[in-house]
Each structure stands twice: as structure tokens, then as C-alpha cells.
Amino acid sequence: MILITGGRGAVASHLTTLLTGHDVRLASSDPGKLGVPSIKLDLTDPTTFKAALSGVDSVFLYAESAHITEFVTEAEAAGVQQVVVLSTAAVLGLDAADDHLAKSHLEVENTVRDSTLGTTILRPGAFAGNASAWAWPIKTGRPVSLPFPNAHSDPIHEYDVAEAAFTLLTEPRFQEREYVLSGPESLTFADQIDQLSTAIGRPIAVNHVTPEEWKQEMADYVAAPYADALLNWWRSNDGKPVRLTGTVDHLTGHAARSFATWAQDHLNDF
């Protein structure tokens, strides 16, 4: 039995499809919205852990740190053998322990790794899906606000992350290791906007704003500590290509999908 947490997420959704034919239990904090058989598992509510973990051998775990110690204790008691943690490459930064985004993922990694559970860690860089934050202004013809248009990232398609996770859950020879995933290119935000513009067939306006202006604009959607962490990350990669890996190819047998491919796959969003 494989437990997939975060059932409404893009990675979990595709992973569930890939695992058709396997014994899978899909879990979500709001299973009623999934439209498929699933169980309630809220990683911020320990009372939901026991039922979700009963009879489970492997777990695909989103890195929610709120009650990770209780989750690990319950998983050990349930006899879970293997956990694949969906973390982030940000934990490899020198200031990860103080970074609001990386810190919680690092806490999950360390807690699971220090347990009796077999631990495999998947660390993608930037999700291509982060560009979905631009969908509303693009749809409405408004400019996209960018504080660091020349900041680089390595956008990775959620399908590649899901396929890598599938390999780790089903191929024991790849388990109990740590993997850093990247997309195939180091692209600036301006590059991504250009590729989205090509995909949708119309120009996309960009408004170059200051970090404080962006933070104020996003105040209703992004909590201040997360906004500061994002701004620090973008600032550190401003004009600097990021390191790429061949891990997607290693785990899936094919090259990582490009951001242009992601854009085509999500045209309706824009």
C-alpha cells in the first residue's frame, strides 16, 4: 500500500495516475474536493494520521513540518517501510536553516532521516508551475510585476517530478538516497515571460517593480516571511545561471521537459 499525501497537488495528481494498478491510498486535507476515492489526512492535524497510515508500506510525503515528529512516530508504529519526501533544492543553500522557505523542508528531511523509516529525498529546484502566479494579470491584460526579471531558475515540469517519485516508490535500487532535480534550462523570469508569450500568441507586458513594491502588491497572497525568502532567493540568482542536473534522465529515462512544453500543457491557464 502506497500513501500519497497532498492529493490535490499537481505532482500527487499525476503520480496517482502513474501508479494505476498499484495499491494506492490517496490522501488530502479536503478529500471531498478530489472527486475520487480518498482519505482525510491533514498534515497539520495529528488526529488524522493513524487512520491514513494504517496498513501502509510506503509514503509519498509533502514536506509539512508542523507535526512531522508525530507523523513519523505514527508511521513507525504503523509499520511503514519507506518514505519519499518531496523537499526542495533550497535546503542546500548556505542559509537554509534561517530561510523561511527552506527551513521547514529541512526540518522534515532531518526528522524522517533520523527515524527508523527508509528515507528517500527528492529535491526539485523551481517548479515551472510557479509561473501560474502570473495567470491572472496575463488573462486580464495587465502587466506582470517582476522585482528581479533577470533572476535565474531551473523550472521543472510537475510531470517530471511525479515520474521521478514513481521510480523511487517502485524501484528499491533507487531508494534511501537524496536526489536534486532540475529542469533542462536555466532561465530568467524574462525568458519565461517570452516563452509564455510565444505559447499564447500575444505579448505580455512586464512591470519592473522594486522588491518592496512587489511585497506590498502580494501582501494578501504571500505571507511576509515567505515573500522575504522569495525575494532573497531571486536576489541571489539575479543574473546568475543556476546549476543543472541530469537526475530526471537518470530516474525516468528521458530528458526533463522544457518550460516551453509546460507552457503548452497549461495554455488554458493563461
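Residues numbered from 1 in each chain as written. Predicted model: local features only at pLDDT ≥ 70, side-chain atom pairs only at ≥ 80, totals over all residues. Heavy atoms only, no water.

Participant: For this particular structure, what's the right way to read the environment of Gln 81?
Facilitator: Here Gln 81 lies in the loop between α3 (68-78) and β5 (82-86). Residues Gln 81 and Ile 121 lie 40 residues apart in sequence; the distance between their C-alpha atoms is 14 Å. In this structure Gln 81 touches Asp 57, Leu 117 and Gly 118, once residues within four positions along its chain are discounted. A polar side-chain atom of Gln 81 sits 3.0 Å from the main-chain carbonyl oxygen of Gly 79. (Helix = DSSP H or I, 4+ residues; strand = E, 2+ residues; numbered from the N terminus. Contact = heavy atoms within 4.5 Å. Polar contact = N/O pair within 3.5 Å; in protein donor to acceptor, adjacent residues only side chain to side chain.)

Participant: I would appreciate a short explanation of the packing of helix α1 (residues 10-18) against helix α6 (residues 158-170) in the present structure.
Facilitator: Axis separation between α1 and α6 bottoms out at 8 Å; the angle between their running directions is 50 degrees. What the angle tells us is that α1 and α6 run oblique. Of the two possible hands of crossing, α1 and α6 adopt the one that is right-handed. Taking contact as the criterion, the partners of Ala 10, Val 11, His 14, Leu 15 and Leu 18 in α1 are, on α6, Glu 158, Tyr 159, Val 161, Ala 162, Glu 163, Ala 165, Phe 166 and Leu 169. Here the residues of the contact of α1 with α6 are counted per class, giving 10 nonpolar, 1 polar and 2 charged. (Axes fitted to C-alpha atoms, helices over the stretch in contact; angles between N-to-C directions. Parallel < 35°, antiparallel > 145°, perpendicular 65-115°, else oblique. Left-handed = near helix turned anticlockwise from the far one by under 90°. Nonpolar A, V, L, I, M, F, W, Y, C, P; charged D, E, K, R; others polar.)

Participant: Just to check I follow, could you spell out α6 for this structure?
Facilitator: Count 3.6 residues to each turn of an α-helix, and residues three or four apart come out pointing the same way. When the terminal C-alpha atoms of α6 are compared, their 18 Å separation across 13 residues agrees well with the 18 Å that a helix rising 1.5 Å per residue should span. For α6, the tally of buried residues reaches 10 of 13 residues, placing the bulk of the element in the interior. The complete set of buried residues in α6 reads Glu 158, Asp 160, Val 161, Ala 162, Glu 163, Ala 164, Ala 165, Thr 167, Leu 168 and Leu 169. (Expected span 1.5 Å × (residues − 1). Buried < 20%, exposed > 50% of the residue type's maximum accessible area, 1.4 Å probe, protein only.)

Participant: Just checking my understanding: could you explain the packing of aromatic side chains for this structure?
Facilitator: Where two aromatic rings form a pair, the distance of their centres and the angle of their planes describe that pair. Under the counting rule described, the total for this entry stands at 7 aromatic pairs. Here Phe 60 and Tyr 62 contribute two aromatic rings whose centre-to-centre distance is 5.7 Å and whose plane-to-plane angle is 85 degrees, an arrangement assigned as edge-to-face. Grouping aromatic residues by their ring pairs yields a cluster made of Trp 134, Phe 189, Trp 214 and Trp 234. (Phe/Tyr/Trp six-rings, centres within 6.5 Å; stacked < 30°, edge-to-face > 60°.)

Participant: Where do I start with the pairing of strand β6 (residues 118-124) in this structure?
Facilitator: It is a general feature of regular strands that their side chains alternate between the two faces of the sheet. Within β6, 7 of the 7 residues are buried, which leaves the element mostly enclosed by the surrounding structure. The side-chain alternation of β6 yields two buried faces, one formed by Gly 118, Thr 120, Leu 122 and Pro 124 and the other by Thr 119, Ile 121 and Arg 123. Each parallel crossover has a hand, and the one from β5 via helix α4 (residues 100-113) to β6 is right-handed. Alignment of β6 against strand β9 (residues 178-181), held across 4 bridges, turns out to be parallel. In the strand pairing of β9, Arg 123 is matched with Val 180. (Right-handed = clockwise from strand over helix to strand, strands pointing away. Pairing = 2+ DSSP bridges.)

Participant: What is the right way to read the pattern of salt bridges from this model?
Facilitator: Per the counting criterion, the structure on display carries 9 salt bridges. The partner of Arg 257 in a salt bridge is Glu 163, and the shortest N-O contact between them spans 2.9 Å. Of this pair, Arg 257 sits in the loop between α10 (247-252) and α11 (259-265) while Glu 163 sits in helix α6, and the two are 94 residues apart along the sequence. Owing to a relative accessible area of 14%, Glu 163 belongs among the buried residues under this scheme. Residue Lys 215 pairs with Asp 228 through a salt bridge whose shortest N-O separation is 2.8 Å. With Lys 215 in helix α8 (residues 211-217) and Asp 228 in helix α9 (residues 224-236), this pair connects stretches of sequence that are 13 residues apart. Here the salt bridges share partners, and the residues they tie into one network are Glu 109, Arg 113, Arg 123 and Glu 178. (Salt bridge = Lys/Arg side-chain N within 4 Å of Asp/Glu carboxyl O.)

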